[in-house]
Amino acid sequence: MTELATGNKIAVLKKKVTAVDLITIVVFAVLYRVLWYFFKFAGVAFPFNHTFVYLFCAFCLVLCWVIVRRPYASVYFTAAWCAINFFIQGEIPVYWILVVIAPLLPEIYLNMRGKAFTNADEVYSSTKDLIVAAVLYNMVYEAFVWWSIISVYQIPVPFNMIAIVFAISIIGMIIGAAIARKLGLRLKGLLG
């Protein structure tokens, strides 16, 4: 019994987020914020530039998951980029709700799917699971953004416009997640 209990404690300790993990997560949050400016520049030529936000978010989030491979990495990722928004950009405080709601569904999904693998960390290499988790995260994020545009900022937006942007955004989320998974596995292989 003692050996089993010790083995479980070791397995739990392996899952904890380290300082290196936190730095890596913050690097991806900063990358997301840097890519955010490309989304702003795209507004000049592309009327649905908002869709790039979710492509970049899915890209950075999946890179974070593939390299860090820890539960709740998306919570730290969200907290980091929301903090950057809040302190540098001057975002409204209601965005802190995202730290709680955006990562909730993908973390539950990845945790449940991780049980289907012999090694739970393999879920962070599964293309399908990473795409589904990234789309779940970004759909909650995008729904929150549309809610804040309409309710908090009180900007009237026609529903058909929201539907078109939402549909294009989902395509961007899938593309961003798929590219990030391949790149993330290569980086993880280089880092060891």
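In what follows, the structure referred to is the one given above.
All values reported here derive from a predicted model rather than from experimental measurement. Per chain, the residues get numbers from 1 upward, laid out in the order the sequence is written. Reporting of local features is limited, given that this is a predicted model, to residues whose pLDDT is at least 70; pairs of side-chain atoms are given and counted only at 80 or more, and all residues count toward the totals for whole chains, interfaces and linings. Side-chain descriptors were evaluated using all non-hydrogen atoms of the structure, hydrogens and water having been removed beforehand.

Chemist: An account of the overall build of the protein is needed here, citing residue identities and associated values.
Modeler: Numbering of helices and strands starts at the N terminus; helices are DSSP runs of H or I of at least 4 residues and strands are runs of E of at least 2. Of the regular secondary structure elements, the protein holds eight helices and zero strands. Listing every helix and strand of the protein by position from the N terminus yields α-α-α-α-α-α-α-α. For a compact globule the rule gives 2.2 Å times the number of residues to the power 0.38, and the radius of gyration it is set against comes from C-alpha atoms. Relative to its length of 192 residues, the protein is compact, with a C-alpha radius of gyration of 18 Å against a globular reference of 16 Å. For every residue, the accessible area (1.4 Å probe, protein chains only) is compared with the maximum for its type, and the residue is labelled buried under 20%, exposed over 50%, or partly exposed between those bounds. Every one of the 192 residues in the protein was classed for burial, and the buried ones make up 42%. Whether two residues touch is decided by their heavy atoms; if any such pair falls within 4.5 Å, the residues are in contact. Sequence separation of 24 or more characterises 73% of the internal contacts of the protein that already satisfy a separation of 6 or more.

Chemist: Go over the environment of Asn111, please, and point to the residues and values.
Modeler: Structurally, Asn111 can be placed in helix H6 (residues 104-114). In this structure, the C-alpha to C-alpha distance between Asn111 and Val17, residues 94 residues apart in sequence, is 15 Å.

Chemist: Provide a residue-level description of the pattern of salt bridges, including the pertinent values.
Modeler: A pair is scored as a salt bridge if a Lys or Arg side-chain nitrogen falls within 4 Å of a carboxyl oxygen belonging to Asp or Glu. For the coordinates displayed, the defined rule picks out three salt bridges. Across the pair Arg70 and Asp21 runs a salt bridge, and its minimum N-O distance is 3.1 Å. Note that Arg70 is positioned in the loop between helix H3 (50-68) and helix H4 (73-89) and Asp21 in helix H2 (residues 19-42), a separation of 49 residues in sequence. In this structure Arg70 comes out as buried when scored by relative accessible area, which is 18%. The class of Asp21 is buried, set by a relative accessible area of 8%. Here Arg113 makes a salt bridge to Asp129, at a shortest N to O gap of 2.9 Å. Taken together, the residues Arg113 in helix H6 and Asp129 in helix H7 (residues 127-152) connect sequence positions 16 residues apart.

Chemist: With reference to specific residues and values, describe the side chain of Ser125.
Modeler: Within the secondary structure, Ser125 is located in the loop between H6 and H7. With a relative accessible area of 15%, Ser125 lands in the buried category. When sequence neighbours within four positions are dropped, the list of residues in contact with Ser125 reads Arg69, Leu130, Arg181 and Leu185.

Chemist: Give a detailed account of the packing of aromatic side chains, specifying residues and quantitative values.
Modeler: The rule is short: rings of Phe, Tyr and Trp, with Trp giving its six-membered ring, pair when the centres are within 6.5 Å, and they are stacked under 30 degrees, edge-to-face over 60, tilted in between. Under the definition given, this model contains eleven aromatic pairs. Look at Tyr54 and Tyr141: their rings are 5.1 Å apart centre to centre, the planes differ by 75 degrees, and that puts the pair in the edge-to-face class. Note that Tyr54 is positioned in helix H3 and Tyr141 in helix H7, a separation of 87 residues in sequence. Both residues of the pair, Tyr54 and Tyr141, belong to the buried class. With 5.5 Å between their ring centres and 40 degrees between their planes, Phe144 and Trp147 make a pair best called tilted.

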